[in-house]
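Coordinate analysis (summary)
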Amino acid sequence: MMKDEKLKNGKLQFITHYTERYSYLDAAHMALEGGCRWVQLRMKDTSMEDIEPVALEMQSLCRQYGATFIIDDHVELAGKLHADGVHLGKKDMPIADARRILGKEYIIGGTANTLEDVLQHYEAGADYIGCGPFRYTTTKKNLSPILGLEGYTAIIRRMQEADIHLPVVAIGGITIADIPAVMQAGVSGIALSGTVLHADNPTKEMRRIISLMENGE
Ligand SMILES: Cc1ncc(COP(=O)(O)OP(=O)(O)O)c(N)n1
Ligand SMILES: Cc1ncsc1CCOP(=O)(O)O
Ligand SMILES: [Mg+2]
C-alpha cells in the first residue's frame, strides 16, 4: 500500500492501552475484526525490548487486515520494523528530526492542543494531527486542557483561514454518542481507546462505531 492509501484508513483510529482483560494483541485483533483499519500501538512505561515482539506481531496482524500500523513514541522502532508510521507528542522526538530519520514514505502524526501546535507540526512535515483531549480521560496522564466541541470548531476554523490542509483526528474520552457532534465540528477522524476496550464486546462495539461513521446509524 502507498502512503496516500494508508492515510485514508485514518478516519477511525484504535489506540491500544493496557487492560487486565485483554492483551495488546487481542485488543488490536478485536478492533480489526470489528472493521477498524488503523491501529496505533501505544504501550506506555514499557521498554523497547518488550514492545518490539508485540509490535512485530501486531504489524503482521494489521497487514493481514490491510490496516495501517502506527507505533506511538518510538521512531527508532518504527524504522527498524518498517511500520507504517509513528505518532509523536510534545515529549517525544521533534517531528522534523523524525522525518529526517524515517523519510517521506512514513506517516508521522503529531499531538496538538492548540492552533500553534498544529502550525508547528504542519511546518515540520506532519501527515496528520491527533488533537485533544476532547474530554477528561484516564487513558492518558498529564492531560492538556480539555478542548470540547468549541475547541475543535475554533482550531478547524483558524486552520481554514490560514489555508492549512491537514487531517485532524479528535482524541480523548470520546464515546460513540459523541461521534456525530465531534465529526460535525469539522475534524477528519476520531481516535478511540477506552470506549472500545471497556465495551462488553469490543468487536461489536467497533462494528457499531464504523456503521455510525459510514452510514450515520
Ligand atoms: C492520534 C493520537 N493523538 C494523540 C496522541 C497522544 O500522543 P502524546 O501526546 O505523545 O502522548 P502519549 O500517547 O505518548 O502518551 C496519540 N498517541 N495518538
Ligand atoms: C493518547 C491520548 N492522547 C490524548 S487523550 C489520549 C487517550 C485516548 O484514549 P481514550 O479514548 O480512552 O480516552
Ligand atoms: Mg508520545
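What you see is a predicted model; the values in this text were computed from it and never measured. (Residues numbered from 1 in each chain as written. Chains lettered and ligands numbered in written order. Predicted model: local features only at pLDDT ≥ 70, side-chain atom pairs only at ≥ 80, totals over all residues. Heavy atoms only, no water.)

Moving on, we come to the pattern of salt bridges. For the structure shown, the criterion picks out 14 salt bridges. Between Lys 141 and Asp 45 there is a salt bridge, with the nearest N and O atoms lying 3.6 Å from each other. Here the residue Lys 141 occupies a position in the loop between β6 (128–131) and α7 (148–161), and Asp 45 occupies one in the loop between β2 (38–41) and α3 (48–65), the gap between them amounting to 96 residues. Lys 141 gets classed as exposed once you look at its relative accessible area, which sits at 62%. (Salt bridge = Lys/Arg side-chain N within 4 Å of Asp/Glu carboxyl O. Helix = DSSP H or I, 4+ residues; strand = E, 2+ residues; numbered from the N terminus. Buried < 20%, exposed > 50% of the residue type's maximum accessible area, 1.4 Å probe, protein only.)

A few words now on helix α2 (residues 24–33). Every buried residue belonging to α2 is among Tyr 24, Ala 27, Ala 28, Met 30, Ala 31 and Leu 32, and all of these are buried. In this fold, the buried residues of α2 make contact with β1 (12–15), β2, α3, α9 (194–197) and α10 (202–215). (Contact = heavy atoms within 4.5 Å.)

Before going further, it helps to spend a moment on the UniProt feature "domain: Thiamine phosphate synthase/TenI" (unreviewed entry) in the chain. As annotated by UniProt and renumbered to match this structure, "domain: Thiamine phosphate synthase/TenI" (unreviewed entry) occupies residues 13–193. Spanning residues 13–193, this segment combines 40% helix with 19% strand, and its end C-alpha atoms are found 9 Å apart. (UniProt positions renumbered as here; feature names shortened; annotations may be inferred.)

With 65 residues, the main nonpolar core has Phe 14 and Leu 41 as its most contacted residues. In contact with Leu 41, not counting residues within four places along its chain, are Thr 16, Tyr 24, Ile 51, Val 54, Ala 55, Met 58, Phe 69, Ile 70, Ile 71 and Asp 72. In terms of nonpolar packing, the next biggest core, distinct from the first, is built from seven residues, Ile 107, Tyr 128, Val 169 and Ala 191 among them. (Core = buried A, V, L, I, M, F, W, Y, C linked by side-chain atoms within 4.5 Å.)

Moving on to the coordination of the magnesium ion (ligand 3). The magnesium ion (ligand 3) binds to the protein through Asp 73 (OD) and Asp 92 (OD); the donor distances cover 2.0 to 2.2 Å. On the criterion of sequence distance, the pair formed by Asp 73 in the loop between β3 (68–72) and α4 (75–81) and Asp 92 in the loop between β4 (85–88) and α5 (95–102) is long-range, its members being 19 residues apart. (Donors = N, O, S within 2.8 Å, 3.2 Å for Na, K, Ca; no water.)

For the rest of this paragraph, the subject is the confidence of the model for the chain. Here the chain shows a mean pLDDT of 98. Residues at 70 or above account for 100%. Listed scores for the predicted complex are pTM 0.98 and ipTM 0.99. (pLDDT = per-residue confidence, 0-100.)

Read around the closed barrel, the eight strands follow the order β1-β2-β3-β4-β5-β6-β7-β8; overall the barrel is parallel. Taken over all neighbouring pairs, the strand axes of this sheet differ in orientation by 25° on average, direction set aside. Bridge count between strand β7 (residues 168–171) and strand β8 (residues 189–192): three bridges; the pairing is parallel. Paired with Ala 170 across the bridge in β8 is Ile 190. Each of β5 (107–112) and β6 is contacted by helix α6 (residues 115–124), which is oriented at about 160° to β5, the strand it contacts most. (Pairing = 2+ DSSP bridges. Axes fitted to C-alpha atoms, helices over the stretch in contact; angles between N-to-C directions.)

The next thing to look at is the site of ligand 2. In the vicinity of ligand 2, the contacting residues are Arg 42, Thr 137, Thr 139, Lys 140, Ile 171, Gly 172, Gly 173, Leu 192, Ser 193 and Gly 194. Here an oxygen atom of ligand 2 and a side-chain polar atom of Thr 137 are 2.6 Å apart. Contact between ligand 2 and Ser 193: an oxygen atom at 3.1 Å from a main-chain N or O atom of the residue. Considered on its own, ligand 2 offers 370 Å² of accessible surface; in the complex 92% of this is hidden by protein. (Near = heavy atom within 4 Å. Polar contact = N/O pair within 3.5 Å; in protein donor to acceptor, adjacent residues only side chain to side chain. Areas by Shrake-Rupley, 256 points an atom, 1.4 Å probe, with all protein chains shown as cover.)

Note on aromatic pairs: each is described by the distance of the centres and the angle between the planes. Scanning the model with the defined rule gives two aromatic pairs in all. Relative to Tyr 128, the ring of Trp 38 lies with its centre 5.4 Å away and its plane at 85°, an arrangement referred to as edge-to-face. One end of the pair, Trp 38, is in strand β2; the other, Tyr 128, is in strand β6, with 90 residues separating them in the sequence. Exposure remark for Trp 38: the relative accessible area of 1% places this residue in the buried category. (Phe/Tyr/Trp six-rings, centres within 6.5 Å; stacked < 30°, edge-to-face > 60°.)

Time to look at the packing of α2 against α3. Close contact between α2 and α3 brings their axes to 10 Å; oriented N to C, the two are set at 10°. Accordingly, the angle class assigned to the pair α2 and α3 is roughly parallel. Where α2 crosses over α3, the two elements pack in a sense that is right-handed. Contacts between α2 and α3 pair Tyr 24, Leu 25, Ala 28, His 29, Leu 32 and Glu 33 from the former with Val 54, Glu 57, Met 58, Leu 61, Cys 62 and Tyr 65 from the latter. When its residues are assigned to classes, the contact of α2 with α3 shows nine nonpolar, one polar and two charged. (Parallel < 35°, antiparallel > 145°, perpendicular 65-115°, else oblique. Left-handed = near helix turned anticlockwise from the far one by under 90°. Nonpolar A, V, L, I, M, F, W, Y, C, P; charged D, E, K, R; others polar.)

Moving on to unusual backbone geometry. Of note, the bond from Gly 132 into Pro 133 is cis; its omega dihedral lies within 30 degrees of zero at 5°. The residue Pro 133 is located in the loop between β6 and α7 in this model. Positive phi, close to 60°, is recorded for His 82, a residue that is not glycine. Secondary-structure assignment places His 82 in the loop between α4 and β4. Within the chain, Asn 142 stands out as a residue other than glycine whose phi angle is a positive 50°. One can find Asn 142 in the loop between β6 and α7.

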